[in-house]
Amino acid sequence: MVILMEEWAQHLCDPKYADTLKQSKKKNTLYPPGFTPSDIVEGKNGEPVNHSRPVVNLDALQVQKAWQIALQPLKSIPMNFFMSYMSGTSLQIIPIVAALMLLSGPIKAIFSVKQAFKPVLGNSNTNSTIWGAMLLYILGQCALMYIGIRKLNQMGLIPNTTSDWLAWEQKVDYNHNIKSVVV
């Protein structure tokens, strides 16, 4: 049995063969979805239609990207809050490290705000909007830090009660300058 190959398959790697082919001007030629060769697309009058790329407003795209960057910490708040809740309040290494990461990560992010917004900085038309997005980014990082501080407080690692400072409290003598009626 002889297998016959299609002509296009026989000349698949031949660059000279591609030049010898004539393009079909048939209307019933099937093309892949989304592909329309520019030489056969015609308008109502039979004139070719000019396909040019639509004008993209770069300022609007930069502002949109800036707001996407600004909303990232806010989107991670529910997950971090849930992880903080699930890790418990016992004094073990994993909950302590998780709470400290909730503090150190946002602090690093706040100090590198300009690095996070570097792709959208530099356009004077969008600076005011980008500064607003940066402020929202910092507020989101502060919310993450609040979750970490709250977690450390629940574990009792933040000294904020009187019992934490008893070594520095002065002893109060309530019997001083009281005269006894009983002799």
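The chain appears in an unreviewed UniProt entry as ER membrane protein complex subunit 4 from Maudiozyma barnettii.

(A) Broad picture of the environment of Tyr137. Topologically, Tyr137 is positioned in helix H7 (residues 127-155). Residues within four places of Tyr137 in sequence aside, it is in contact with Ile69, Ala70, Pro73, Ala109, Val113, Ala116 and Phe117.

(B) Quick look at the nonpolar core. By size, the foremost hydrophobic cluster in this structure holds 11 residues: Ala66, Ile69, Ala70, Ala109, Val113, Phe117, Val120, Ile130, Ala133, Met134 and Tyr137. Taken together, the elements giving at least two residues each to this core come down to helix H3 (58-75) and H7. Among the elements that line this core, the one with the most residues is H7, at 4 residues. Other than its neighbours up to four places away in sequence, Ala109 contacts Tyr137 and Gln141. If you look at the next biggest cluster of nonpolar residues, it comprises 5 residues, including Ala99, Leu103, Met145 and Met155.

(C) Region of interest: the environment of Ser84. Within the secondary structure, Ser84 is located in helix H4 (residues 77-86). Taking C-alpha positions, Ser84 is 7.3 Å from Ala99, a pair spaced 15 residues apart along the chain. Non-local contacts of Ser84, meaning those with residues more than four positions away in its chain, are made with Ile147 and Lys151.

(D) The side chain of Lys151, seen in detail. Within the secondary structure, Lys151 is located in helix H7. No salt bridge is formed by the buried Lys151; its nearest oppositely charged neighbour, Asp164, is found at 17 Å. When residues no more than four places from it in sequence are discounted, the contact partners of Lys151 are Ser84, Ser87, Gly88, Thr89 and Ala99.

(E) Spatial organisation of the packing of helix H5 (residues 93-111) against H7. Two elements in contact, H5 and H7, have axes whose closest approach is 8 Å; the angle formed by their N-to-C orientations is 155°. Considering the angle they form, H5 stands roughly antiparallel to H7. Remark: the crossing between H5 and H7 carries left-handed chirality. Each of Pro95, Ile96, Ala99, Leu100, Leu102, Leu103, Pro106, Ile107, Ala109 and Ile110 in H5 lies in contact with H7, whose residues at this interface are Tyr137, Ile138, Gln141, Cys142, Leu144, Met145, Ile147, Gly148, Ile149, Lys151, Leu152 and Met155. By residue class, the composition of the contact of H5 with H7 is 19 nonpolar, 2 polar and 1 charged.

Reading the values: the criteria
- Residues numbered from 1 in each chain as written.
- Predicted model: local features only at pLDDT ≥ 70, side-chain atom pairs only at ≥ 80, totals over all residues.
- Heavy atoms only, no water.
- Helix = DSSP H or I, 4+ residues; strand = E, 2+ residues; numbered from the N terminus.
- Contact = heavy atoms within 4.5 Å.
- Core = buried A, V, L, I, M, F, W, Y, C linked by side-chain atoms within 4.5 Å.
- Buried < 20%, exposed > 50% of the residue type's maximum accessible area, 1.4 Å probe, protein only.
- Lys, Arg positive; Asp, Glu negative; His and termini not counted.
- Salt bridge = Lys/Arg side-chain N within 4 Å of Asp/Glu carboxyl O.
- Axes fitted to C-alpha atoms, helices over the stretch in contact; angles between N-to-C directions.
- Parallel < 35°, antiparallel > 145°, perpendicular 65-115°, else oblique.
- Left-handed = near helix turned anticlockwise from the far one by under 90°.
- Nonpolar A, V, L, I, M, F, W, Y, C, P; charged D, E, K, R; others polar.

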